[in-house]
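Observations on the model geometry
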Amino acid sequence: MQLQLPTPSGDALAASRSLQRLIVDEIRRQQGWISFARYMELVLYAPHFGYYSGGAAKLGKDGDFTTAPELSPLFGATLARLASEMFAQSAPAILEFGAGSGKLAYDILTELNAAGVPLQRYLIIEVSPQLRARQQQTLAAFPNVQWLDRWPAHFSGVVIGNEVLDAMPVSLVVKGADGWRERGVVCVGAGADAGMGADGDDDGRGVVFEFADRPCASSLIAQIPDADDLPIGYLTEVHPVAAAFMRSLAAMLLGADGGALALLIDYGFPGHEYYLGQRSQGTLMCHYRHHAHPDPFYLPGLQDVTAHVDFTAMAQAAVDGGLDLLGYASQAGFLLGAGIGDLLLRTPPSLPAQYLPQANAVQKLISPAEMGELFKVLAVGHRVQWPERLLQHDRSYRL
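In this report, we go over the structure that sits alongside the text. (Residues numbered from 1 in each chain as written. Predicted model: local features only at pLDDT ≥ 70, side-chain atom pairs only at ≥ 80, totals over all residues. Heavy atoms only, no water.)

Turning next to the layout of surface pockets. Its volume calculated, the largest pocket comes out at about 1000 Å³. Along the walls of the largest pocket sit 45 residues, with Tyr52, Glu163, Val164, Asp166 and Ala167 positioned nearest its centre. In terms of residues, the lining of the largest pocket owes the most to one element, helix 2 (residues 36-45), which gives four residues. Split into classes, the residues belonging to the lining of the largest pocket amount to 24 nonpolar, 10 polar and 11 charged. (1 Å grid on protein atoms, 1.4 Å probe; cavity = no way out; pocket = protein on both sides within 12 Å on 5 of 7 lines; lining within 4 Å. Points joined across faces, edges and corners; volume = space filled by probe spheres on them. Helix = DSSP H or I, 4+ residues; strand = E, 2+ residues; numbered from the N terminus. Nonpolar A, V, L, I, M, F, W, Y, C, P; charged D, E, K, R; others polar.)

Pasting the structure below:
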């Protein structure tokens, strides 16, 4: 596939080639085939060279994509307002998974401080050393922020995961004439057996990665509704890693003495929409320098590789783990119900120079043509009640 994308620096290209050598070695150790989930894990999280564990800029105008907190501080302020309300039912604490640039945490903490809401601690679990360093710089003024290397055994408070589930490795499955098969990765070319050379290239022998299918474990397709009715050739993702994350989340929240709420904000669909005929080739997508394309083998380690979230599977995993399903809404419905409109009006429309940029950013967050409909909010919890005003936007019946 020929892609017309920005050219990486020499250092970035060398890092990508180092990761390619690592993947080739992994494939060789596994008798010539690894699952796509394993490939995705390596390109995103391999120490030093993976997309989230390396040094590439990822967020904002100089990165590969822009998240909601980067668009407007009112996104974080809205979450802060909801969190302060939920603290009456839980400990006054927040745990954020994958805090990105630290912008969301900064906006939440700023809003809570301005409102005089006491916060015991703000915990962050971040797998990227580069992003953790960026967060520490951004949040240096907040002494109650703490970074963790592992999950706490139990937690009471508010958990936030903004665009976390989509960053977890997915398995690819495709329906063949003889049933479902798992799609994996092989390396082919004259140098595939020898691996790649120490000079950072593939010894000129044309090592490339390709897809290859193998028989599929029945557990992989259990997530797919009406899997037997889908046509031959149907390719899609399933999410065992993200489902395991939700079960671990449930165990952590159930172990606490107080109440807990978890908000998972991401792009995706309920299961009956995820596996439609129009998505017969899945939702896998890559992002490089604000360019979206479908090739996961392009510059491993330098681009994000992601898939949409099956929110039905996530909700089911949480409920199976013992949590309550509190709500499921579009991002637009959630933000409007949680009060983003009121927060916007703290800047008077009579001051257009200040008001209009904020209004335009909010419009991007809630517009169906932008992030408002594609992004969803899944709320699960234990020993807490979901605010009544948010129920008018609830779509849990669609899960």
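For the structure on display, the rule yields one cavity of 30 Å³ or more. By volume, the largest cavity amounts to about 70 Å³. Among the secondary structure elements, those contributing two or more residues to the lining of the largest cavity are strand 15 (324-330) and strand 16 (375-382). With three residues, strand 15 is the largest single contributor of residues to the lining of the largest cavity. Considered class by class, the residues forming the lining of the largest cavity number seven nonpolar, two polar and one charged.

With the rule as written, the count across this model stands at 13 salt bridges. Of the charged contacts, one joins Lys103 and Asp107 as a salt bridge, the two residues approaching to 2.7 Å between their closest N and O atoms. One end of the pair is Lys103 and the other is Asp107, both in helix 5 (residues 103-114) and four residues apart, which spans about a single turn. Under the relative-accessibility criterion, Asp107 is labelled buried at 7%. In this structure, Arg183 engages Asp213 in a salt bridge whose closest nitrogen and oxygen atoms are separated by 2.8 Å. In this pair, Arg183 sits in strand 7 (residues 179-188) while Asp213 sits in strand 8 (residues 208-215), placing the two residues 30 residues apart along the sequence. Using a relative accessible area of 27% as the deciding quantity, one classes Asp213 as partly exposed. Via salt bridges that share partners, Glu26, Arg29, Arg38 and Glu41 belong to a single interconnected network. (Salt bridge = Lys/Arg side-chain N within 4 Å of Asp/Glu carboxyl O. Buried < 20%, exposed > 50% of the residue type's maximum accessible area, 1.4 Å probe, protein only.)

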